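Structural features, examined
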Amino acid sequence: MAEGTQESGGTSSAQAPGPARHGGAQAVAAARRHGVSTMFTLSGGHVFPLYDGAVKADPAMRLVDVRHEQTAVFAAEATARLTRRPGLAVLTAGPGVTNGVSAITTAHFNGSPVVILAGRAPDYRWGSGSLQEIDHPRLLSPVTKRAWTEHQADQVGAAADEAFRLATTPHRGPVFLDFALEALFGEAAAPAVPAGGSHPGEGPAAGPDPDSLDAIGSLLAGASRPVLVLGSDVWLDGAEAAARAAAEELRLPVITNGQARGVLPAGHDLLVTRARAAAFREADLVVVAGTPLDFRLGYGEFGGANGAPRAQVVHVTDAPDQVAAHCPLAAAAAGDLAAFFTALPDAVRRARGGAGAAGPALPRGESWLPRLQAARASAMAADSALLASDADPIHPMRVYGELARLLETDAVVIGDGGDFVSYAGKYVEPQRPGGWLDPGPYGCLGTGLGYAIAARIARPSAQVVLLLGDGAAGFSLMDADTLVRHRLPVVIICGNNGIWGLEKHPMQAVYGYDVAADLQPQCRYDEVVRALGGDGEMVTRPEAIGPALRRAFGSGVPYLVNVITDPKIAYPRSTTGI
Ligand SMILES: Cc1ncc(C[n+]2csc(CCOP(=O)(O)OP(=O)(O)O)c2C)c(N)n1
Ligand SMILES: [Mg+2]
């Protein structure tokens with residue numbers, strides 16, 4: 001279970017003794033109780049008390065002010081995903097909130113525990129047309145676990161506490177809470193605090209249902225070609241060690257995605273992500289844990305090649321409402337993922353004839369794992385030429401060949417873009433879980449700078465590398481200013497092909513021509529970062545990439561390496577996700 005989670009709580013409250021405090025101070029105190037140490041925001045009068053509360057808290061809460069509200073929410077989301085504590089974004093009323101909607105939706109799709117606290121026009125004028133008067137919760141309800149308004153000054157702390165409790169309870173997700181102006185500015189003589197005490201508890205994690213576990217144990221015991229897929233919730237649920245131990249004990253081939261990349265480190269003998277096409281084509285059982293059976297996993301349809309029966313599918317999730325309903329499942333389990341993986345090897349042994357059964361856990365076809373390992377080796381061998389390509393203009397894979405040599409074990413790698421980031425997903429193999437941040441299934445461009453800001457704060461001594469398409473750069477590059485003002489050095493590698501590559505090539509394929517897909521060739525995004533107070537350079541020759549990256553890592557400032565790549569090269573994808 002993630003830190004900051006509690007099972008009990010609710011809106012019931014008791015009166016706390018002590019001095020009067022305004023709503024903002026109460027909300028900041030609630031955030032602190034849930035482990036929040038940074039508030040991401042962009043200023044607006046409706047939320048001044050939250051700033052006052054942060055500044056005057058003891059110790060003060062760090063305040064990071066950004067240049068677009070989406071960046072504030074993306075930063076809060078990345079904080080949650082990296083630290084496994086809730087992230088906090090504070091948005092001012094009206095446009096502050098609506099500017100955050102795509103990022104809030106991203107958190108919804110990613111199951112990220114984020115709390116958005118917002119300002120709101122005053123109740124006493126409601127309906128009279130005061131500035132930025134709009135009923136935010138009606139907009140936010142579909143993309144949050146809950147969205148509501150607190151109207152009472154003495155209830156602001158308890159409401160904020162409930163927001164954090166909800167966001168961090170599996171299945172996690174964003175929670176939106178706005179405060180009527182008079183509630184946030186108002187002094188509460190006796191602020192309410194949660195009845196359960198002032199600290200979020202680590203409630204008992206609900207383990208998997210024993211019957212479901214037995215059913216999955218039997219399926220694994222009988223499978224000849226099983227595959228285990230690990231997704232982001234394995235990391236968010238704190239199940240990475242248990243998942244690795246179960247996979248190793250059962251000798252299961254593993255494919256990782258999202259933030260589970262790195263649960264098995266690059267080079268681990270069971271890690272066959274690079275052979276995923278063969279694994280999914282030939283598997284007779286696919287166990288998917290901690291990620292939805294969405295387009296990234298073929299909607300949960302595996303196997304069935306050349307008239308063979310489809311693979312049986314097992315879905316394991318952190319909460320019952322996450323179990324896939326759109327595809328047939330041979331079994332499913334919901335609950336704490338660490339408890340599931342801890343219990344799994346015994347369930348398999350029981351299915352094989354008693355808890356004492358010795359020897360390898362699975363009597364499967366001997367050749368299955370070696371076959372996938374061979375497929376992995378040949379995929380990697382086939383790539384090696386392009387990773388070292390000296391083509392001019394630069395092949396985007398060469399960037400990854402150079403980067404791989406420089407990445408340290410604890411690096412945080414962030415992807416924001418189209419084709420350029422698809423290459424990263426394939427060729428950057430993390431050594432540890434929780435160090436990879438992509439936008440997730442909502443696929444929203446613009447996450448880059450927000451994620452990078454959060455990563456530098458969450459992992460102060462690690463390398464932070466942002467891989468940015470030139471198109472993606474347009475959504476958030478102004479927030480390089482935030483990196484500069486807050487002294488947050490990050491290495492930004494812009495894969496600059498001068499086009500919206502992931503749209504131009506598909507439109508060509510569909511229509512034989514393209515429109516609205518060209519950007520400026522060789523645009524100096526590096527000079528944008530220099531103008532904002534950072535540094536950078538443009539690279540047009542393949543042999544210049546490595547030295548430029550080394551300068552970037554050594555610079556100690558936000559640094560953009562603007563790599564001009566060949567626009568003719570399209571990422572060889574097998575699906576558009578539609
Ligand atoms: C907010 C948003 N707008 C539009 C899209 C559609 N889209 C997906 S990939 C892409 C192209 C990205 O171009 P770039 O960042 O330059 O990367 P490239 O594909 O060229 O490597 C676009 C426009 C999106 N995913 N998100
Ligand atoms: Mg591009």
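Read on for a plain summary of the structure. Note that the structure is a prediction, hence the values are computed from the model and not measured.

1. Concerning the sheet that holds strand β3 (residues 38–41)
Within the open sheet, the six strands sit side by side as β4-β3-β5-β6-β8-β7. Their pairing is parallel. Edge strands, defined here as strands with exactly one partner in the open sheet, are β4 (62–65) and β7 (146–150). Recorded for the sheet is a direction-independent mean angle of 20° between the axes of neighbouring strands. Where β7 meets strand β8 (residues 175–180), five bridges bridge the pair, whose relative direction is parallel.

2. Re the packing of helix α1 (residues 23–33) against helix α7 (residues 156–168)
Their axes nearest at 8 Å, the elements α1 and α7 cross at an angle of 30°. Regarding the angle of α1 to α7, the classification is roughly parallel. The handedness of the crossing between α1 and α7 is right-handed. Residues G23, Q26, A27, A29, A30, A31 and R33 of α1 pack against V156, G157, A160, D161 and F164 of α7. For the contact of α1 with α7, the per-class residue count stands at seven nonpolar, three polar and two charged.

3. Focus: the sheet that holds strand β12 (residues 254–256)
Taking strand neighbours across the sheet as the criterion, the five strands line up as β12-β11-β13-β14-β15 in an open arrangement whose pairing is parallel. For this open sheet the edge positions go to β12 and β15 (331–334), each flanked by a neighbour on one side alone. Strand-to-strand, the axes of this sheet are offset by a mean angle of 15°, without reference to chain direction. Sheet analysis places strand β11 (residues 226–230) next to strand β13 (residues 285–289), joined by five bridges and oriented parallel. Paired with V227 across the strands is V286, a residue of β13. This element, helix α9 (residues 210–222), spans β11, β13, β14 (312–317) and β15 of the sheet and lies at about 135° to β15.

4. Looking at α7
The terminal C-alpha atoms of α7 lie 19 Å apart, and with 13 residues this matches the ideal 18 Å at 1.5 Å per residue to within 8%. By the criterion of burial, α7 is predominantly enclosed, with 13 of the 13 residues buried.

5. Here's the deal with helix α5 (residues 101–110)
The α-helix winds at 3.6 residues per turn, so residues separated by three or four positions along the chain end up facing the same way. Most of α5 is tucked away: seven of the 10 residues are buried. By the burial criterion, the buried members of α5 are S102, A103, I104, T106, A107, H108 and N110. Contact partners of the buried residues in α5: α3 (69–83), β6 (114–120), α6 (136–140), β8 and α10 (232–236). One or two steps after α5, the chain reaches G111, where phi turns positive at roughly 60°.

About the thresholds
Residues numbered from 1 in each chain as written. Chains lettered and ligands numbered in written order. Predicted model: local features only at pLDDT ≥ 70, side-chain atom pairs only at ≥ 80, totals over all residues. Pairing = 2+ DSSP bridges. Helix = DSSP H or I, 4+ residues; strand = E, 2+ residues; numbered from the N terminus. Axes fitted to C-alpha atoms, helices over the stretch in contact; angles between N-to-C directions. Parallel < 35°, antiparallel > 145°, perpendicular 65-115°, else oblique. Left-handed = near helix turned anticlockwise from the far one by under 90°. Contact = placed C-beta atoms within 7 Å. Nonpolar A, V, L, I, M, F, W, Y, C, P; charged D, E, K, R; others polar. Expected span 1.5 Å × (residues − 1). Buried ≥ 20, exposed ≤ 12 C-beta atoms within 10 Å, placed from the backbone.

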